[in-house]
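Inside the fold
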Amino acid sequence: MHRTEDVLATLSMIRQYKLDVRTVTMGIDLSPCASPDIAAICARVRERLIHYAGRLKAVCREVEGRYGIPIVNRRIAVSPIGTLAAGHRPEDYLTIARTLDAVTAEVGVDLVGGFSALVQKGWTESERRLIESLPEVLSSTERVCASVNVGTTAAGINMDAILALGHVLKETAERTRDHDGFGCAKLVIFANAPADNPFMAGAFHGPGEPDCVINIGVSGPGVVKAAVEDLVAVSAARPTLGEIAEEIKSTAFRVTRVGELIGREVAARLGVSFGIVDLSLAPTPQVGDSVGEILQAMGVARIGAPGSTAALALLNDAVKKGGSFASSSVGGLSGAFVAVSEDAALARAVEAGDLTLSKLEAMTAVCSVGLDMVAVPGDTDAETLAALIADEVAIGVINHKTTAVRVIPVPGKGPGDRAVFGGLFGETAILPVHAAGGSTAFVRHGGRIPSPLSSLRN
């Protein structure tokens, strides 16, 4: 039975503090679409997406209306195209991407993820071709998102793939020069990628998943910020950090319950499986909907100052504890995103010079994802981009956690200039990359960085 105060608190979160279901993501297995004929693949992909997702938009609106909880995005994640397209010509990858783009628009879905490859221990010819196709795919489609998993704790790090992706970022940025290299914002490079992440651009329908599943991404930075601010305001004495953590846990508990309610309702109405709730504090550029502002409410007045990493660690852990207590179906990433351009407070900290690339990297060791929506100078060379990726992937591999990179080299712009992506992607000052070019020889060795000893846990 729900307590009256819990119901009222949840209603307050919805009305005042921007609580929403950030995404309903339908995962769809495309392996039955395989064929030696590219036209047959595309026809089967279209048929399967319409079969499962044709009613997704309508059902989300019905559930949104019933509960009064906004559903911001409707998305599809498909099984990795790097496997589906095996044996096909390089030009066929673009044909598949355009099919995904067109069908996604047809069914009224915002984005489709899964133009992906899992290459942590090596790559097939198909996966190599997919990676080579990314600049054209990301620059010539509107809704298609891509991801590449280049490392796991068990397998180590594929440095050949990382170097190739450094060149992919350069070419993708140049092809989308008129939008500040925005094509790179649709590509996530992972370590330990989860198979059930509902958030774009990194969502894909991973191995071990059913034919079709509904995964929910519930976000609520504004809710958590308000809870911390209220605790500080009403406390007779300064609350301890332990008390702040407990308040965040309680808030995360309520938010997760809301997400599971919506997810199970959508799944039941569509007649498909319910998967997980991902309680990731994903910010938007709106003031009041920011992970950075939560840190400020906790007492970190200047984000990037000493203490920022500890505060973020507290936040991330409390969110995970609250979510896992609320539901046995918590999955995906479930923590706090430090997506720079998408978070107004983080973007201001970058502009002020308080939040540097090095400090961001340190903070990603304790939070969800990693170097996310970070703009760097357009003349940053491919090897330096690859080295940035390798550093972030190494953090994930060594620490048994998911890390990822969405770094955008902005053509024609340098440190202090602004990159403007628009909408939920926001804008940010461009961060300098110190000692660029200083690790070129290291990156060019290629090969695979072996898995750490901690991988031998069986």
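Preceding this paragraph is the structure being described.
Everything quoted here is computed from the prediction, not taken from an experiment. (Residues numbered from 1 in each chain as written. Predicted model: local features only at pLDDT ≥ 70, side-chain atom pairs only at ≥ 80, totals over all residues. Heavy atoms only, no water.)

**Examining the overall build of the chain**
Along the backbone of the chain there are 15 helices and 13 strands. Taken against the 2.2 N^0.38 rule, which gives 23 Å for 458 residues, the C-alpha radius of gyration of the chain at 21 Å falls within 12% of a compact globule. Along the three orthogonal principal directions, the C-alpha set of the chain runs to about 65 × 55 × 50 Å. Looking at the chain residue by residue over its 458 residues, the buried ones come to 60%. By sequence separation, contacts in the chain at least 24 residues apart represent 79% of the contacts at least 6 residues apart. (Helix = DSSP H or I, 4+ residues; strand = E, 2+ residues; numbered from the N terminus. Rg over C-alpha atoms; globule rule 2.2 N^0.38 Å. Buried < 20%, exposed > 50% of the residue type's maximum accessible area, 1.4 Å probe, protein only. Contact = heavy atoms within 4.5 Å.)

**A look at the side chain of Thr-364**
Along the chain, Thr-364 falls in helix H13 (residues 357-364). Aside from chain neighbours lying at most four places away, what touches Thr-364 is Val-338, Val-369, Gly-370, Leu-371, Glu-392, Ile-395, Lys-401 and Thr-403.

**Describing the side chain of Glu-127**
Examined against the element boundaries, Glu-127 turns out to sit in helix H6 (residues 125-140). One buried charged side chain, Glu-127, makes no salt bridge at all; its nearest oppositely charged neighbour is Arg-128, positioned 8.8 Å away. Not counting chain neighbours up to four residues away, the residues in contact with Glu-127 comprise Gly-82, Ala-117, Leu-118, Val-119 and Gly-122. (Lys, Arg positive; Asp, Glu negative; His and termini not counted. Salt bridge = Lys/Arg side-chain N within 4 Å of Asp/Glu carboxyl O.)

**Looking at helix H14 (residues 382-398)**
Across its 17 residues, H14 extends 24 Å between first and last C-alpha, which sits within 8% of the 24 Å expected from 1.5 Å per residue. Most of H14 sits out of view: 14 of its 17 residues are buried. Of the residues flanking the start of H14, the one acting as N-cap is Asp-381, its side-chain oxygen 3.2 Å from the backbone nitrogen of Glu-383. Just downstream of H14, His-400 is the residue with a positive phi angle, here 55°. (Expected span 1.5 Å × (residues − 1). Polar contact = N/O pair within 3.5 Å; in protein donor to acceptor, adjacent residues only side chain to side chain.)

**Topic: the packing of aromatic side chains**
Applying the stated criterion to the full structure yields four aromatic pairs. Here Phe-182 and Phe-421 contribute two aromatic rings whose centre-to-centre distance is 6.3 Å and whose plane-to-plane angle is 40°, an arrangement assigned as tilted. Highlighted residues: Phe-182 in the loop between helix H7 (159-175) and strand S6 (187-191) and Phe-421 in the loop between strand S11 (418-420) and strand S12 (427-429), separated in sequence by 239 residues. Each of the two residues, Phe-182 as well as Phe-421, counts as buried. Through a chain of ring-to-ring contacts, three or more aromatic side chains come together here, namely Phe-182, Phe-421 and Phe-425. (Phe/Tyr/Trp six-rings, centres within 6.5 Å; stacked < 30°, edge-to-face > 60°.)

**What about the packing of helix H8 (residues 221-234) against helix H9 (residues 241-270)?**
Between H8 and H9, the least distance of the axes is 9 Å, while the angle of their chain directions is 140°. Note on packing geometry: the crossing formed by H8 with H9 is right-handed. Taken together, the residues of H9 that come into contact with H8 (itself represented by Val-223, Val-224, Ala-227, Val-228 and Leu-231) are Glu-243, Ile-244, Glu-247, Ile-248, Thr-251 and Val-255. Classifying every residue of the contact of H8 with H9 gives eight nonpolar, one polar and two charged. (Axes fitted to C-alpha atoms, helices over the stretch in contact; angles between N-to-C directions. Left-handed = near helix turned anticlockwise from the far one by under 90°. Nonpolar A, V, L, I, M, F, W, Y, C, P; charged D, E, K, R; others polar.)

**Quick word on the nonpolar core**
In terms of nonpolar packing, the biggest core is built from 133 residues, with Leu-100, Phe-115 and Leu-315 touching the most fellow members. If one sorts the elements of this core by residue count, H9 sits on top with ten residues. Ignoring sequence-local partners within four residues, the contact set of Leu-100 consists of Leu-30, Val-45, Leu-49, Val-78, Ile-81, Val-112, Phe-115 and Val-144. (Core = buried A, V, L, I, M, F, W, Y, C linked by side-chain atoms within 4.5 Å.)

**A word on the pattern of salt bridges**
Scanning all chains against the criterion turns up 25 salt bridges. Look at the salt bridges and you will find they share partners, linking Glu-62, Arg-66, Glu-265 and Arg-269 into a network.

**Brief notes about the environment of Gly-335**
Relative to the helices and strands, Gly-335 resides in the loop between helix H11 (308-326) and helix H12 (344-352). Taking the relative accessible area as the measure of exposure, Gly-335 reaches 0% and is therefore buried. Separated by 33 residues in the primary sequence, Gly-335 and Ser-368 have C-alpha atoms spaced 5.2 Å apart. Beyond its immediate stretch of four places on either side in the chain, Gly-335 contacts Leu-279, Ser-280, Leu-281, Asn-316, Val-319, Lys-320 and Ser-368.

**So, H12**
For H12, the set of buried residues is Ala-344, Ala-345, Leu-346, Ala-347, Ala-349 and Val-350. Tucked into the core, H12 has its buried residues touching helix H10 (291-297) and S12. The distance from a side-chain oxygen at the start of H12 to the backbone nitrogen of Ala-345 is 3.1 Å, and the residue carrying that oxygen is Asp-343. Gly-353 occupies a position one or two residues after H12 and carries a positive phi of about 90°.

**So, the state of the cysteines**
Following the criterion strictly, the structure yields zero disulfides and no others. Of all cysteine sulfurs, the one in Cys-42 lies closest to Cys-33, which takes part in no disulfide; the gap is 9.7 Å. Sulfur of Cys-145: no disulfide; nearest cysteine sulfur belongs to Cys-184 and is 13 Å away. We classify Cys-145 as buried; its relative accessible area is 2%. (Disulfide = S-S within 2.5 Å.)

**Some thoughts on the pairing of S6**
Across the five residues of S6, five count as buried, placing the element largely inside the fold. Across five bridges, the pairing between strand S4 (residues 144-152) and S6 is parallel. By the bridge assignment for S6, Ala-146 is matched with Leu-187. Across three bridges, S6 lies against strand S10 (residues 403-410) in antiparallel orientation. Among the inter-strand pairings, Ala-191 is bridged to a residue of S10, identified as Thr-403. (Pairing = 2+ DSSP bridges.)

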